[in-house]
Structure formats: C-alpha cells, structure tokens
Amino acid sequence: MLAPAVALLCLLALGGEAARGLGRQQAAAGAIIQRFRAHDATATTAGEIAYVHASLYRLLEWTAARYDQAKIDALGREQLESLARALARIQAGSESRTLTEEERGRYRTLLAQAREYQRKAGEVIDLATGDLLNATLFMGTADEKFLALSETLRAIEDAERKMSDREHAASLAVFGEVMRVLFVALGTAVVVSALVSVLVSRIVTGPLREAVRVSDRISEGDLTVAIEVSSRDEIGQ
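Please read all numbers here as calculations on a predicted model, not as lab measurements.

A word on the nonpolar core
Ranked by internal contacts, the top residues of the largest apolar core, which has 28 residues, are I49, L110, Y117 and L149. At the level of secondary structure, the elements contributing two or more residues to this core comprise α1 (2-64), α2 (69-94), α3 (101-128) and α4 (132-219). Broken down by element, this core gets its largest block of residues, 9 residues, from α3. If sequence neighbours within four positions are ignored, I49 has contacts with L83, A86, Y117, F146, L149 and L153.

If you want it as structure tokens, here you go:
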C-alpha cells in the first residue's frame, strides 16, 4: 500500500500545482483581453474623432455651396452624436480598474481635451448656418484642439500596445514556469514511486528468499538450519 499512497500524494501535488498554474494563466489571459479591449476602444475613438473633424470641413463646404439645409443639419447632428459616443467611451476607459496611475493621468487629460474639442466643434456647427466666415475662423481653433487630442490618443495607444506586449511576455513566462514545475513534479513522482516500489519489493521478497533457502536446506536433510525472524507481519509469522 505504501507505493500507491506515495504515487497518489505525488499526483495530488502535481494536480495542485497544475491548478495553481492554470489560475495564473487565466489571470494573465484576462489581463491581455482587457488590454485588447482598451486598445480597440482607443482606436475606435481615434477613428471616430478623425471622421468628425473631416466632416466639419465637409459641413463648411456644403454650407458655402448652399447645399440642402436639411442635410447640412443632419450632418451636424451626426457629428455631435459621434462626439458624445466618443466621450462616453473615454469616460468608461478612464474608470477601468486595470489602469496604472500614469495611464489614469493620460485618460484625465484625454477626457478634458475631448470635452474642449466637443465644445469647439459644436460652435463651428452652430455658426456654419448663420455666419460661415466666423465658423471658418473657429475651425482653426478646432484644428488645434483636434491635433492635441489626436496626440494624446496616439500616446495612449502606444502605451496600451507596450503594456499588451509586456503582459503577453509575462503570460509566456508564467506558462514556461508552470510547465517546468509540472515536469519536475512529474519526474519526482516517478522517481519516488520507483524507489518506494524497489524498497517495498526488497522488504517483501527478502524474507521469502530466506524461507526458500531454509526450505531447500531442510529438503536436503539439514535439520539444524534455523530461520531468523526479524518481522512480525504475515511473512514473519
């Protein structure tokens, strides 16, 4: 019973280490997924704001060309709605628990810049229908806000990409460590089980070999031979 018990203990230890390793891998995978979602949200926001800025120029062109006012108004509303969605996405990103203090600071800056750009874009849209000249002048300020906002978005994207690469490397390192520990534990279990089996085999077969030797001597007529009993188990009795 000793050898199976030792093997069972080794297997339990192996299972425990495997469970611990899988838990660490799950945590690492979760962090990578969160980083991917954050990067995807940032890229979506950057694309949406770039589209809004291009649409502001299109709105001015339509106004100068005396295009259908209903379509101009619809275009303006569409840009304001897009900016509202972008702001909500930035707000949600700034509240993520996975952010470092440095990243949280970047998001606060981004949120302030996005609100300022939203205000300037709204002014351009409002002025476009009644005062095209001033709307065009306001567009210069909107350009400055857009460039600052885009720069912060690029910085956040770069930081998220680096963090994703770092967490991916950490995940691979954890996987390698877990595999090494599992192989060591498995090898130890095999070696210990083999040693225990050999030891138990010697304990069991030693008295049997002695009994066979004595039986052979008795069968040969040597009744003076004695059996040395060193155990009190079934074989010794």
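Continuing now.
Side note on α2
Over its 26 residues, α2 extends 38 Å from the first C-alpha to the last, a length consistent with the 38 Å expected when each residue adds 1.5 Å. Taken residue by residue, α2 has I72, L75, G76, Q79, S82, L83, A86, L87, I90, G93 and S94 as its buried positions. Of the residues flanking the start of α2, the one acting as N-cap is D68, its side-chain oxygen 3.2 Å from the backbone nitrogen of A70.

A look at unusual backbone geometry
The bulk of non-glycine residues show a negative phi, and the bulk of peptide bonds are trans. Unlike most non-glycine residues, R66 shows phi in positive territory, near 55°. Turning to its location among the elements, R66 is positioned in the loop between α1 and α2. We classify R66 as exposed; its relative accessible area is 76%.

What about the side chain of T42?
Within the secondary structure, T42 sits in helix α1. Within the structure, T42 has its side chain in polar contact with the side chain of Y107 (distance 3.5 Å). Discounting chain neighbours no more than four positions away, the residues touching T42 are Y107, L153, I156, E157 and E160.

Considerations on α3
Taking 1.5 Å of rise per residue, 28 residues should cover 40 Å, and α3 covers 41 Å from first to last C-alpha, within 8% of that figure. Taken as a whole, α3 has its buried residues at E103, Y107, L110, L111, A114, Y117, K120, A121, G122, V124, I125 and A128.

Points about the packing of aromatic side chains
This model, assessed by the stated rule, comprises 2 aromatic pairs. A ring pair is formed by W62 and Y67, whose centres lie 4.8 Å apart and whose planes are at 40°; its orientation type is tilted. Note on W62: relative accessible area 24%, which makes it partly exposed. The exposure class of Y67 is partly exposed, given its relative accessible area of 38%. Between the aromatic rings of Y117 and F146, the centroid separation amounts to 6.1 Å while the plane-to-plane angle is 45°, which identifies the pairing as tilted. Of this pair, Y117 sits in helix α3 while F146 sits in helix α4, and the two are 29 residues apart along the sequence.

Some thoughts on the packing of α2 against α3
Here α2 crosses α3 at 170°, and the two axes come no closer than 10 Å. By the angle class used here, α2 and α3 are roughly antiparallel. Touching G76, Q79, L80, L83, A84, L87, I90, Q91, G93 and S94 of α2 are R104, Y107, L110, L111, A114, R115, Y117, Q118, A121, G122 and I125, all from α3. Considering only residue class, the contact of α2 with α3 consists of 12 nonpolar, 7 polar and 2 charged.

What counts as what
Residues numbered from 1 in each chain as written. Predicted model: local features only at pLDDT ≥ 70, side-chain atom pairs only at ≥ 80, totals over all residues. Heavy atoms only, no water. Core = buried A, V, L, I, M, F, W, Y, C linked by side-chain atoms within 4.5 Å. Buried < 20%, exposed > 50% of the residue type's maximum accessible area, 1.4 Å probe, protein only. Helix = DSSP H or I, 4+ residues; strand = E, 2+ residues; numbered from the N terminus. Contact = heavy atoms within 4.5 Å. Expected span 1.5 Å × (residues − 1). Polar contact = N/O pair within 3.5 Å; in protein donor to acceptor, adjacent residues only side chain to side chain. Phe/Tyr/Trp six-rings, centres within 6.5 Å; stacked < 30°, edge-to-face > 60°. Axes fitted to C-alpha atoms, helices over the stretch in contact; angles between N-to-C directions. Parallel < 35°, antiparallel > 145°, perpendicular 65-115°, else oblique. Nonpolar A, V, L, I, M, F, W, Y, C, P; charged D, E, K, R; others polar.

By themselves these figures say nothing about function.
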